[in-house]
Amino acid sequence: VACRGLGSSARSAREDSWLKSLFVRKVDPRKDAHSNLLAKRETSSLYKLQFHNVKPEYLEAYNKLCQEVLPKIHEEKHYPCALVGTWNTWYGEQDQAVHLWRYEGGYPALNEVMSKLRQNKEFTEFRKERGNMLLSRKNQLLLEFSFWNEPVPRDGPNIYELRSYQLRPGTMIEWGNYWARAIRFRQDSNEAVGGFFSQIGQLYMVHHLWAYKDLQTREDIRNAAWHKPGWDELVYYTVPLIQEMESRIMIPLKISPLQ
């Protein structure tokens, strides 16, 4: 029994040492907000992720309306925000639109944009017309992980995968520390677009955004990761942190900066 206990202690010490080597920043998580430990500090961008479930008969009209109005907000210097990407879900929840916005300057920028849009008559009419086309909608405010790529415009054609993870409460730091190492296994084909975690809305949510040429390329790239030493170990440790997970395959609209 003593030998077993000694072996367990040694193994625990090795695991503890290995875990400590993963931390993104050497700070005490008990004395700082998780967002300060995991998010980019060199930028103060805030992201908004919108999910709109559209009435099936209105999807074409909804897309047309968005393509008329959203670029005006994106291009207008008056608003400190940018449209990162806009898509329709292809595989996953059907008749769904997904929009990702970035607010340059965090919550003050978000408040400024919302205040100005309330005074914008065209946008007010757009929201009213859009509302008649929707079954439901929800959004989340997100920060980006410090170790992920900045989501920047890219040429297409591509399909996009949004992988969403509902984590067990209290495990966000662990997730970030493991993925700070895991992301290096998924950079060879430039498929990593962005990684985010929720601040407001559904909490302990993580979203990873990937770009692929097509579904077969996606399959090939994901299978190739399993042949890289260390990937399997990181998957082994992150899976127990997950309560639920969902994958959406999405097609960008013509106006999306991510093509």
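Please read all numbers here as calculations on a predicted model, not as lab measurements. (Residues numbered from 1 in each chain as written. Predicted model: local features only at pLDDT ≥ 70, side-chain atom pairs only at ≥ 80, totals over all residues. Heavy atoms only, no water.)

Participant: Explain the nonpolar core here, please?
Facilitator: Counting residues in hydrophobic clusters, the biggest one holds 53 residues, and the most contacted among them are Tyr103, Phe145, Trp148, Trp175, Trp179, Phe197 and Val206. Of the residues forming this core, the biggest block, 7 residues, is contributed by helix H3 (residues 59-75). (Core = buried A, V, L, I, M, F, W, Y, C linked by side-chain atoms within 4.5 Å. Buried < 20%, exposed > 50% of the residue type's maximum accessible area, 1.4 Å probe, protein only. Helix = DSSP H or I, 4+ residues; strand = E, 2+ residues; numbered from the N terminus.)

Participant: Looking at this model, I keep getting lost on the packing of H3 against helix H5 (residues 121-131). Mind explaining?
Facilitator: When two helices pack together, their arrangement is given by the angle between their axes and by how far apart the axes lie. Two elements in contact, H3 and H5, have axes separated by 11 Å at closest approach and are oriented at 155°. With respect to their mutual orientation, H3 and H5 come out roughly antiparallel. Of the two elements, H3 crosses H5, and the hand of that crossing is left-handed. Residues Tyr62, Leu65, Cys66, Val69, Leu70, Lys72 and Ile73 of H3 pack against Glu122, Phe123, Phe126, Glu129 and Arg130 of H5. For the contact of H3 with H5, the residue count by class is 8 nonpolar, no polar and 4 charged. (Axes fitted to C-alpha atoms, helices over the stretch in contact; angles between N-to-C directions. Parallel < 35°, antiparallel > 145°, perpendicular 65-115°, else oblique. Left-handed = near helix turned anticlockwise from the far one by under 90°. Contact = heavy atoms within 4.5 Å. Nonpolar A, V, L, I, M, F, W, Y, C, P; charged D, E, K, R; others polar.)

Participant: Even after reading the chapter, I still don't get helix H8 (residues 231-238), so can you show me in this structure?
Facilitator: What sets the pattern is the α-helix's 3.6 residues per turn: residues three or four places apart point alike. Every buried residue of H8 is accounted for by Trp231, Leu234 and Thr238. With its buried residues spanning 65° around the axis, H8 presents them on a single face. (Arc of directions from axis to C-beta.)

Participant: Quick question: what am I supposed to make of the side chain of lysine 48 here?
Facilitator: Looking at the secondary structure, you find lysine 48 in strand S1 (residues 46-54). No salt bridge is formed by the buried lysine 48; its nearest oppositely charged neighbour, glutamate 112, is found at 14 Å. Here tyrosine 103 takes part through its side chain, which lies 3.2 Å from a polar atom of the side chain of lysine 48. (Lys, Arg positive; Asp, Glu negative; His and termini not counted. Salt bridge = Lys/Arg side-chain N within 4 Å of Asp/Glu carboxyl O. Polar contact = N/O pair within 3.5 Å; in protein donor to acceptor, adjacent residues only side chain to side chain.)

Participant: How should I be thinking about the environment of alanine 180 in this particular structure?
Facilitator: Considering the arrangement of structural elements, one finds alanine 180 in helix H6 (residues 172-182). Residue classification places alanine 180 among the partly exposed residues on the basis of a relative accessible area of 27%. Sequence-wise, alanine 180 and phenylalanine 147 are 33 residues apart; in three dimensions their C-alpha atoms are separated by 5.7 Å.

Participant: Even after reading the chapter, I still don't get the confidence of the model for the chain, so can you show me in this structure?
Facilitator: Parts of the prediction with low pLDDT should not have their coordinates interpreted in detail. Looking at the chain, pLDDT values average 88 and 84% of them are 70 or higher. Of the regions scoring below 50 in pLDDT, residues 1-11 engages in 0 contacts with residues more than four places distant in sequence or in other chains. Segment residues 17-30: pLDDT under 50, and 25 contacts once partners within four positions in sequence are set aside and those in other chains are kept. (pLDDT = per-residue confidence, 0-100.)

Participant: Mind showing me how you'd approach the packing of aromatic side chains here?
Facilitator: The geometry of an aromatic ring pair comes down to the distance between the two centres and the angle between the two planes. Tallied over the entire structure, the rule returns 16 aromatic pairs. Pairing tryptophan 90 with tyrosine 91 gives two aromatic rings, centres 4.7 Å apart and planes at 45°, and the pair type is tilted. Judged by centre distance (5.9 Å) and plane angle (85°), the ring pair of tryptophan 179 and tryptophan 231 falls under edge-to-face. A residue pair is termed long-range when its members are at least 10 positions apart, and tryptophan 179 in helix H6 and tryptophan 231 in helix H8 qualify at 52 residues. The class of tryptophan 231 is buried, set by a relative accessible area of 8%. Cluster of aromatic residues (ring-pair linked, three or more members): Trp148, Tyr165, Trp175, Trp179, Phe185, Trp210, Trp226 and Trp231. Here lysine 138 stacks its cationic end above the ring of phenylalanine 51, 5.6 Å away from the centre of that ring. Directly above the ring of tryptophan 210 sits arginine 186, whose terminal nitrogen or CZ lies 4.0 Å from the centroid. (Phe/Tyr/Trp six-rings, centres within 6.5 Å; stacked < 30°, edge-to-face > 60°. Lys NZ or Arg CZ within 6 Å of the ring centre and 35° of its normal.)

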